[in-house]
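Summary of structural features
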Amino acid sequence: MEKDSKTINVGEVKTKEDFILDEVKGESLKSSRTTVAILGSGDYSRSLAERLVRSGFPVAVGSRDPDRNRRLFPQGADVTTRRAAVSRADLVFVAVHRENYPDLRPDQDALAGKILIDVSNNTKIQKGESNAEYLAKLFPSSTVVKAFNVVSAWTLSSGLFGGSKEVLVSSDDADARQTVMQLAKDMGFAPVDYGSLMAAREIEAIPLRLLPSWHLALKMSFGVFVFLLLYSLYRGIVFKAIVGDPNIPFQHIPLHYVNRTMAGTAITILCFVYFPGVLAFFLQLYNGTKYKRFPNWLDKWLLARKQLGLLCLFVASIHACLSVLDFGPASYGRHYDKTTVTSEGDVVFGKMRWSGETFLLFGTLAFFLMVVLGVTSIPSVTNAMNWREFTFVQAKLGWVVLIFATTHMVIYGAEIFILPGLFASYTIAGFQITLILPAILILLKVVTLLPCISSRVDRIRRGWEAKVPGRAEAPNNGYQGDEMTAL
Amino acid sequence: MEKDSKTINVGEVKTKEDFILDEVKGESLKSSRTTVAILGSGDYSRSLAERLVRSGFPVAVGSRDPDRNRRLFPQGADVTTRRAAVSRADLVFVAVHRENYPDLRPDQDALAGKILIDVSNNTKIQKGESNAEYLAKLFPSSTVVKAFNVVSAWTLSSGLFGGSKEVLVSSDDADARQTVMQLAKDMGFAPVDYGSLMAAREIEAIPLRLLPSWHLALKMSFGVFVFLLLYSLYRGIVFKAIVGDPNIPFQHIPLHYVNRTMAGTAITILCFVYFPGVLAFFLQLYNGTKYKRFPNWLDKWLLARKQLGLLCLFVASIHACLSVLDFGPASYGRHYDKTTVTSEGDVVFGKMRWSGETFLLFGTLAFFLMVVLGVTSIPSVTNAMNWREFTFVQAKLGWVVLIFATTHMVIYGAEIFILPGLFASYTIAGFQITLILPAILILLKVVTLLPCISSRVDRIRRGWEAKVPGRAEAPNNGYQGDEMTAL
Amino acid sequence: MEKDSKTINVGEVKTKEDFILDEVKGESLKSSRTTVAILGSGDYSRSLAERLVRSGFPVAVGSRDPDRNRRLFPQGADVTTRRAAVSRADLVFVAVHRENYPDLRPDQDALAGKILIDVSNNTKIQKGESNAEYLAKLFPSSTVVKAFNVVSAWTLSSGLFGGSKEVLVSSDDADARQTVMQLAKDMGFAPVDYGSLMAAREIEAIPLRLLPSWHLALKMSFGVFVFLLLYSLYRGIVFKAIVGDPNIPFQHIPLHYVNRTMAGTAITILCFVYFPGVLAFFLQLYNGTKYKRFPNWLDKWLLARKQLGLLCLFVASIHACLSVLDFGPASYGRHYDKTTVTSEGDVVFGKMRWSGETFLLFGTLAFFLMVVLGVTSIPSVTNAMNWREFTFVQAKLGWVVLIFATTHMVIYGAEIFILPGLFASYTIAGFQITLILPAILILLKVVTLLPCISSRVDRIRRGWEAKVPGRAEAPNNGYQGDEMTAL
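What counts and how
- Residues numbered from 1 in each chain as written.
- Chains lettered and ligands numbered in written order.
- Predicted model: local features only at pLDDT ≥ 70, side-chain atom pairs only at ≥ 80, totals over all residues.
- Heavy atoms only, no water.
- UniProt positions renumbered as here; feature names shortened; annotations may be inferred.
- Helix = DSSP H or I, 4+ residues; strand = E, 2+ residues; numbered from the N terminus.
- Salt bridge = Lys/Arg side-chain N within 4 Å of Asp/Glu carboxyl O.
- Buried < 20%, exposed > 50% of the residue type's maximum accessible area, 1.4 Å probe, protein only.
- Polar contact = N/O pair within 3.5 Å; in protein donor to acceptor, adjacent residues only side chain to side chain.
- Contact = heavy atoms within 4.5 Å.
- Core = buried A, V, L, I, M, F, W, Y, C linked by side-chain atoms within 4.5 Å.
- Expected span 1.5 Å × (residues − 1).
- Bend = angle between axes of the 7 residues up to and from the residue.
- Phe/Tyr/Trp six-rings, centres within 6.5 Å; stacked < 30°, edge-to-face > 60°.
- Lys NZ or Arg CZ within 6 Å of the ring centre and 35° of its normal.
- Pairing = 2+ DSSP bridges.
- Axes fitted to C-alpha atoms, helices over the stretch in contact; angles between N-to-C directions.
- Right-handed = clockwise from strand over helix to strand, strands pointing away.
- Parallel < 35°, antiparallel > 145°, perpendicular 65-115°, else oblique.
- Left-handed = near helix turned anticlockwise from the far one by under 90°.
- Nonpolar A, V, L, I, M, F, W, Y, C, P; charged D, E, K, R; others polar.

With that out of the way, let us pick up the UniProt feature "transmembrane region" (unreviewed entry) in chain A. All names here are of chain A. Per the UniProt record, the feature "transmembrane region" (unreviewed entry) sits at residues 222-243, 263-286, 307-325, 359-378, 399-423 and 429-453. Helix makes up 95% of residues 222-243 and strand 0%, whereas the separation of the span's terminal C-alpha atoms amounts to 30 Å. With 85% helix and 0% strand, the stretch residues 359-378 has end C-alpha atoms that lie 29 Å from each other.

If you want it as structure tokens, here you go:
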């Protein structure tokens, strides 16, 4: 279990003025606040108490050893026995470990009719019932609400948020849910209603996840990078070592070779973003219907597209920066006119050639258009666009980026196709490998745009189905009903 | 009409875990959900059914041919006759085309007293009454609510959002509005109350718009870019061709000439951002009052400033990147000391001169300050600032950017004013043209800061009016009341 | 007092279509709106009236000279006497200066039982009671609500937001608070409940603040920059002038020296981000408990970390850009092989050496990882991550950035340690000074990772306390309760 207080988080920083405002707010709302009880005297219990006091709530803490623990709690919290604490409140935070739930049973009658808030987490994902459901079993005459488990002790006591402000609330009792949601709001959080207590199983799994939506995209990108790096190193370094070439460019691995690998990785990941859409298109065409589910791998791939796009932008940024540092007549002489020396000893620098200027222009345009795509992925920017606008940017602009990036590569390597060293090491140049995927993708996309094919898939996407022996006939209010699409 | 399912959108990607959470949430809320009916069996109807089922609602779908259509709907949806479906619910989605509304009239009595949700869109903006008002006319004993038309079928069925989560709701019946807004919330959307059914006309127009606030800014920017490019090409290429100069630098169009055009475009757009404010200032001074409306073109220009600013940042980024690639002793020799060769044959590189170092420093500072301005335009960042802070950054920092950028240009071209080729082609250098606007703007701004003038406009902006024959005297609680401004 | 209408703000731009939608919404909600009264006829009063009319509210404006002022108000506002205006509404905006509150007393009876909304601001922070509390004293039979003071006249009348949409509402009467919050919502704002009228003092202070959370970070960063610049200029320029060296590189101050200062500033600010966390760690170790409060300076420093991080990113961006412009064989010859001339007069450029390639790679990686950190600081991105994810990125990725940046510096200067000019001017090279802090920081961090030390602090952070003579014994449900941490 990650110790939440191990690192002191940056999170959303408040000023002294913000804290004063908080306390003023808490103070000024006190008269309208009802007492809240907390069972347990550990770290989380203390943090809860601090937050509740600061939000203007009278707090009663139930501890097995009140006299010993009192000094650790804030002034506004009254540390007393469990029974006494529970009797003074209708809302009771159960801030003890799951293993200790049975220890609370002696006070069962005092807890009857109260709302118990289960704030527990686990170290690993539970099979079977959640902690909250277990608590509900032990105390059938109380109402159990699952809440606050996604909030760390540090967030409660410091008032800062490292991550989301949301508190997921679930309970079988709708009124209890509302009550706890209002409490969360009064404490400065953003409660989200998750329905009945059954949802507690998933809610308890949430804090155990670390960027799950990024896993596939990261694996794909890393795999591509490693492959291209090894390939490139083989051609440029290893092979030369094997054949005994004395000029092995070890020196140029960090910048030159890494940069070329970054470039290849970027264009490949970009293709990964647009491939699944095209595959889905052809799959629907082949199936003749949109109602046959996609294979599982394609579904996952489709869901990973946003992350792939953002990783592409990240890798492309590094490539752009390394290029700008590496690019010059020293490393890329073929893109420059010769630099010569006059008889007086002055150096006349050779300017960039057409090929150099053009491929750099396309690369720059592709990159900054990709930045625009990235900016529209910022959640608050996405929310400011309607569906049509968002689709326009992501789809149309996206394909422009792909075409510009491919053009960038083709012009860059235009002369390489005839360079003598091209088939050295019996393998083709790295950049040629990375041209294969974009070429196929663009070809497929052109096919999808052909009128005969695109109109057929249009109909399929609006619900039409090809007649297949054994399959029931397409719906009869056919076309008319099928055109009922919003947008 | 844009087929929403033509491209499979990226949108806000959910993980498998998010979907499970959704389904769990749906499952766990089921018992508290009332049945919802959908009329129609087309694509949108199916998507609605999927979303409602996943959100835990019992769904009854009314179709003219239930047996045929049943297999296309999710398990949790009961596909039956129209009359049967409608009788089981109080909320009825009318997912059929406007042309088919009259076909529903036989079931009018079954629909009486129910809430009908009009989800339709049009291919182009309607003159006259909206679809929702038409539906309301046909079914006077039902309550019509306009909602969900801005949500695509894809968003409903995939659970992903491409763009905003908002659902605009309008109806003549306030309770019906509340009910449908709660339904939208339960389905995971963010409902917005738009009052009476009259608003439906505008609501139906929304999905037909594509980034309307950007149109003017894009046109202005593109116009400037084209003009400067042609001008620059004329001077550098065409004129030379006309006079038969053999050294026509075609090679340098992609990078060198495009870059200079980008630079000129950026500074010009930046001036476009700050000009309307200054013009408004002088207009108020001339009018002697703040109550005379601005001319229409000035109003539109004032509204386009944010978009102009973001376009300026985009163009300036491309300029910065191309410059970094193009800048060197080859293309910009006058900013470097000479590079010479020693007698041993070693090349001693000439370092950059003061002029080069300085203009690059100013350009860099101007650019990154502009990035800060851009970052504060991100909606969630804007919302974290109070009004005074936002104004400080946008106005004060903005003028610093303008001054740095102008300084950047002046130092860059300091020597050009005496270069022999300056008046070649009987036109002045491109960069000189682009210096005109900033010069005028900064001059005007200095005038606005003069105490005599600025204090007069201050009074005008606080409500004071110059005595003009025929105009009623300024209000008598004059100055006192006029100082009542927040901030 | 900042005149809010002095600069016409950009803010959140709306299109003509948005305005139509607003007006339609206002029109269509009119029937359900109650009349609102405004006392005062100054600038703010007019702006309020415009906004209310556009939101569909019937407005009655109470002025001491209705006939004179009528023409300045929008059509939908009825300008009449104070008494008449007040009698028609339950909600009354008091848009007059604090000095004029007593002038309203003749109408006290008409105001009895109404809700008075105090919208005033001050030019400087008040000692003692707020304007709202003063108003409440003068009119004990009315209910006073503090609201809208953070909203400018410009925002009200233009419909655009420069900064946050929030309206802070406080009042001793909870129902009145709700009413005014609903009004704010209907006017398009986002109301926030601040409890009782006591909070008005803080609420009136808010508009007087300008980015208070940034002050400490800005001072620290600026101080470092100035120190390093002067130090660098002394070594490179001043000292040479003192000893009469003819080659004083004045020319290279703008780019070369500024860039090196930026580099040093960036790495130093980066250390400032991570130092307080490490200091806090050792302080807790020394104290043997987590319950002893940190010194005030450490608390402030911990709160400034996010701003320090963003400033570091800003400075590092400028450094990266200036480096890319300045880096080359001219200024950094030791990172390149020699450039030579062949006998035919062709120049053969020397490629970059291993040291050059490597330090540039590390610098680039450090920079773009820092950009990722910056992106996760965007509020809407932060809110999309759970606590564990946010901590992972900010803490773990942050230390990777620090290590890469330090490596970048060490490799850059690897040879400098033996360069002859190293101890010129009897001071060490600037970059060596800037290496001291990272070295210390990384050393301390390594110590914190040692198992014996880290496990002890772990226990302290979970609530354990070292036995200290005189301090009460640690709580007895000791370890068990202490492990109750969320996450």
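On we go.
Quick look at the pattern of salt bridges now. Opposite charge on two side chains permits pairing when their charged atoms draw close. Using the criterion set out here, one finds 39 salt bridges over all chains in the structure. A salt bridge links E129 of chain A to K137 of chain A; the shortest N-O distance between them is 2.9 Å. Of the residues examined, K137 of chain A reaches a relative accessible area of 60% and is grouped as exposed. Of the charged contacts in the structure, one is a salt bridge between R46 of chain C and D43 of chain C, with a shortest N-O distance of 3.7 Å. Linking R46 of chain C with D43 of chain C, this pair stays in helix α2 (residues 43-54), spanning 3 residues, or about one helical turn. A relative accessible area of 1% means that R46 of chain C is categorised as buried. Look at D43 of chain C and you get buried, because its relative accessible area is 2%. Via salt bridges that share partners, R83, D107 and D109 of chain A belong to a single interconnected network.

Along the chain, the position of H256 of chain B falls in helix α11 (residues 253-287). Side-chain polar atoms of H256 of chain B contact the side chain of D326 of chain B, separated by 2.7 Å. Apart from residues lying up to four places away in sequence, H256 of chain B is in contact with E357 of chain A together with D326, S331 and Y332 of chain B.

Turning next to the nonpolar core. Judged by nonpolar contacts, the single largest core of 186 residues is most densely connected at L308 of chain A, L308 of chain B together with L308 of chain C. Excluding residues that lie within four positions of it along the chain, L308 of chain C makes contacts with A217, M220, S221, I269, F272, V273 and W301 of chain C.

What follows is about helix α10 (residues 215-242) of chain C. Residues and elements named next belong to chain C. Given a rise of 1.5 Å per residue, 28 residues ought to cover 40 Å, and the 37 Å separating the end C-alpha atoms of α10 matches this to within 8%. A maximum bend of about 50 degrees is found in α10 at Y234. Of the residues one or two after α10, G244 is the one with positive phi, at around 75 degrees.

The subject of this paragraph is the packing of aromatic side chains. Residues and elements named next belong to chain A. Applying the stated rule across the entire model yields 50 aromatic pairs over all chains. Seen from their ring centres, F327 and Y332 are 4.9 Å apart, and the 25 degrees between their planes marks the pair as stacked. The same class applies to F327 as to Y332, namely buried. Taken together, the aromatic side chains of F327, Y332, Y336, F359 and Y412 make up a single cluster linked through ring pairs. Positioned above the aromatic ring of Y257, the side-chain terminus of R260 is 5.5 Å from the ring centre.

The subject of this paragraph is the UniProt feature "domain: Ferric oxidoreductase" (unreviewed entry) in chain A. In the numbering adopted here, UniProt assigns the feature "domain: Ferric oxidoreductase" (unreviewed entry) to residues 268-404 of chain A. As annotated, residues 268-404 of chain A has a helix share of 69% and a strand share of 3%, and its two end C-alpha atoms lie 14 Å apart.

What follows is about the sheet that holds strand β2 (residues 59-62) of chain A. Residue and element names in this part refer to chain A. Across the sheet, which stays open at both edges, the 8 strands sit in the order β3-β2-β1-β4-β5-β6-β7-β8 with mixed pairing between neighbours. The sheet terminates laterally at β3 (77-80) and β8 (190-193), the two strands that pair on one side only. Along the sheet, successive strands turn relative to each other by an average axial angle of 30 degrees, direction set aside. Sheet analysis places strand β1 (residues 36-39) next to β2, joined by 4 bridges and oriented parallel. Directly across from V36, in β2, lies its bridge partner V59.

All names here are of chain B. Sheet architecture is open: 8 strands sit in the order β3-β2-β1-β4-β5-β6-β7-β8, paired in mixed fashion. The outermost strands of the open sheet, each flanked by one partner alone, are β3 (77-80) and β8 (190-193). Between one strand axis and the next, the sheet turns by 30 degrees as a mean value, whatever way the strands run. Bridge analysis of strand β5 (residues 115-118) against strand β6 (residues 143-146) gives 4 bridges, and the strand direction is parallel. Across the sheet, I117 pairs through a bridge with V145, a residue of β6.

A few words now on the pairing of strand β6 (residues 143-146) of chain C. Residue and element names in this part refer to chain C. In the classification by handedness, the crossover that spans strand β5 (residues 115-118), the intervening helix α6 (residues 131-138) and the parallel β6 is right-handed. Direction of pairing for β6 relative to strand β7 (residues 166-171): antiparallel, over a ladder of 2 bridges. Across the sheet, V145 pairs through a bridge with S171, a residue of β7.

Residue and element names in this part refer to chain C. Packing of helix α11 (residues 253-287) against helix α13 (residues 305-326) brings their axes to within 8 Å, and their N-to-C directions diverge by 155 degrees. One way to sum up the angle between α11 and α13 is to call them roughly antiparallel. Remark: the crossing between α11 and α13 carries left-handed chirality. Here the contact of α11 with α13 is built from residues that sort into 17 nonpolar, 6 polar and 2 charged.

Our next topic: α2 of chain C. All names here are of chain C. For α2, with 12 residues, the first-to-last C-alpha span of 17 Å sits near the 16 Å given by 1.5 Å per residue. The element α2 is largely enclosed, with a buried count of 10 among its 12 residues. Listing the buried residues of α2 in full gives D43, Y44, S45, R46, S47, L48, A49, R51, L52 and R54. Once α2 ends, the next one or two residues include G56, with phi positive near 90 degrees.

Let us now look at the packing of helix α11 (residues 253-287) of chain A against helix α12 (residues 296-303) of chain A. Residues and elements named next belong to chain A. Here α11 crosses α12 at 135 degrees, and the two axes come no closer than 9 Å. Considering their axes alone, α11 and α12 lie oblique with respect to each other. The crossing of α11 and α12 is left-handed. Along the contact surface, α11 presents F272, F275, P276, G277, L279, A280 and L283, while α12 presents W297, L298, W301 and L302. The residue inventory of the contact of α11 with α12, partitioned by class, reads 10 nonpolar, 1 polar and no charged.

Further remarks concern the side chain of S380 of chain C. By the secondary structure assignment, S380 of chain C is in helix α15 (residues 379-382). Assessed through its relative accessible area of 13%, S380 of chain C is described here as buried. Engagement of the side chain of S380 of chain C in a polar contact is seen with the side chain of S380 of chain B, the distance being 3.2 Å. In contact with S380 of chain C, not counting residues within four places along its chain, are I378, P379 and S380 of chain A together with S380 of chain B.

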